[in-house]
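# Summary of the model geometry
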Amino acid sequence: MTAQIHVPSVLSRTGTVSALTIAAVCGSLLAPGVAPQAEAAAPAPATKALNVAASKKGSPYQYGAVGPKRFDCSGLTLYAYKQAGKTLPRTAQQQYNKTRRISAGSRQKGDLVFFHSGGRVYHVGIYAGSNKIWHSPKAGSVVKQEKIWSKAVYYGRVR
């Protein structure tokens with residue numbers, strides 16, 4: 001059964017037009033109570049990983065910890081992406097080696113931010129937008145959002 005919509009125009013002699021005709025002319029059709037496909041889709045892994053990292057705010061740093069209650073820097077990124085359905089290796093350097101390089105101008109929320117010195121990656125966080133990251137910084141600290149403090153960073157996108 002085709003839904004009929006009354007349209008006072010010259011689209012038909014009877015003044016009605018089927019929903020399929022409107023979809024063909026206008027390019028889309030939304031039924032009441034049905035979200036557009038983009039809104040209905042689950043969040044992208046990067047967005048989900050960012051949200052997971054943010055949800056761990058205040059969790060204590062512990063060297064070698066991968067969650068769910070304590071984290072080191074790469075343990076937080078590993079845990080957040082695992083919850084988003086992606087697998088990352090254990091250390092910041094290994095995570096850097098596995099991600100796709102992107103420029104600072106191309107970075108997006110959820111991308112990884114790698115801090116480096118002398119060719120070695122020593123820290124990682126998840127980009128939160130506005131030049132900030134979520135990370136687990138060091139012993140005696142907790143998971144928190146913080147401004148990126150160095151220009152010696154690389155950006156990587158999880159595949």
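Now for a look at the structure at hand. (Residues numbered from 1 in each chain as written. Predicted model: local features only at pLDDT ≥ 70, side-chain atom pairs only at ≥ 80, totals over all residues. Heavy atoms only, no water.)

Right, let's talk about the overall build of the protein for a bit. In terms of regular secondary structure, the protein is built from five helices and eight strands. The N-to-C order of helical and strand elements in the protein reads β-β-α-α-α-α-α-β-β-β-β-β-β. Across the 159 residues of the protein, 36% fall into the buried class. Here the contacts in the protein between residues at least 6 apart in sequence split such that 48% fall between residues at least 24 apart. Taken as a whole, the protein presents about 9,600 Å² of accessible surface, with 55% of it coming from carbon and sulfur. (Helix = DSSP H or I, 4+ residues; strand = E, 2+ residues; numbered from the N terminus. Buried < 20%, exposed > 50% of the residue type's maximum accessible area, 1.4 Å probe, protein only. Contact = heavy atoms within 4.5 Å. Areas by Shrake-Rupley, 256 points an atom, 1.4 Å probe, with all protein chains shown as cover.)

The next subject is the packing of helix H3 (residues 45–55) against helix H4 (residues 73–83). The angle between the axes and the distance between the axes are what describe a pair of packed helices. Viewed as axis vectors pointing N to C, H3 and H4 meet at an angle of 125°, and their least axial separation amounts to 8 Å. As far as their axial angle goes, H4 and H3 are oblique. For the pair H3 and H4, the crossing hand works out as right-handed. In contact with Pro45, Ala46, Lys48, Ala49, Val52 and Ala53 of H3, H4 contributes Leu76, Tyr79, Ala80, Tyr81 and Gln83. (Axes fitted to C-alpha atoms, helices over the stretch in contact; angles between N-to-C directions. Parallel < 35°, antiparallel > 145°, perpendicular 65-115°, else oblique. Left-handed = near helix turned anticlockwise from the far one by under 90°.)

With that out of the way, let us pick up the layout of surface pockets. In this model, the largest pocket occupies a volume close to 170 Å³. Tyr63, Asp72, Ser74, Thr91 and Ala92 are, among the 13 residues lining the largest pocket, the residues nearest its centre. The set of elements that each furnish at least two residues to the lining of the largest pocket consists of H4, helix H5 (92–98) and strand E5 (120–129). Ranked by the residues each element gives to the lining of the largest pocket, the list is headed by E5, at three residues. (1 Å grid on protein atoms, 1.4 Å probe; cavity = no way out; pocket = protein on both sides within 12 Å on 5 of 7 lines; lining within 4 Å. Points joined across faces, edges and corners; volume = space filled by probe spheres on them.)

Looking only at H3, the buried set comprises Ala49, Leu50, Val52 and Ala53. In an axial view of H3, the angular spread of the buried residues amounts to 160°, which keeps them on one side of the axis. On its buried face, H3 is in contact with H4, E5 and strand E6 (132–135). (Arc of directions from axis to C-beta.)

Moving on: H4. Counting buried residues along H4, nine of its eleven residues qualify, which places the element largely inside the surrounding structure. Every buried residue belonging to H4 is among Cys73, Ser74, Gly75, Leu76, Thr77, Leu78, Tyr79, Ala80 and Tyr81, and all of these are buried. The inward-facing, buried residues of H4 contact H3, H5, strand E4 (112–117), E5 and E6. Looking one or two residues past H4, Gly85 carries a phi angle of roughly 90°, positive in sign.

Before going further, it helps to spend a moment on the sheet that holds E4. Across the sheet, six strands lie side by side as E3-E8-E4-E5-E6-E7; this open sheet has antiparallel pairing. The two strands at the open ends of the sheet, each matched to only one other strand, are strand E3 (100–102) and strand E7 (144–147). Pairwise comparison of adjacent strand axes, ignoring direction, gives a mean angle of 45° for this sheet. Sitting on the sheet, H4 is in contact with E4, E5 and E6, with an inclination near 45° to E5. (Pairing = 2+ DSSP bridges.)

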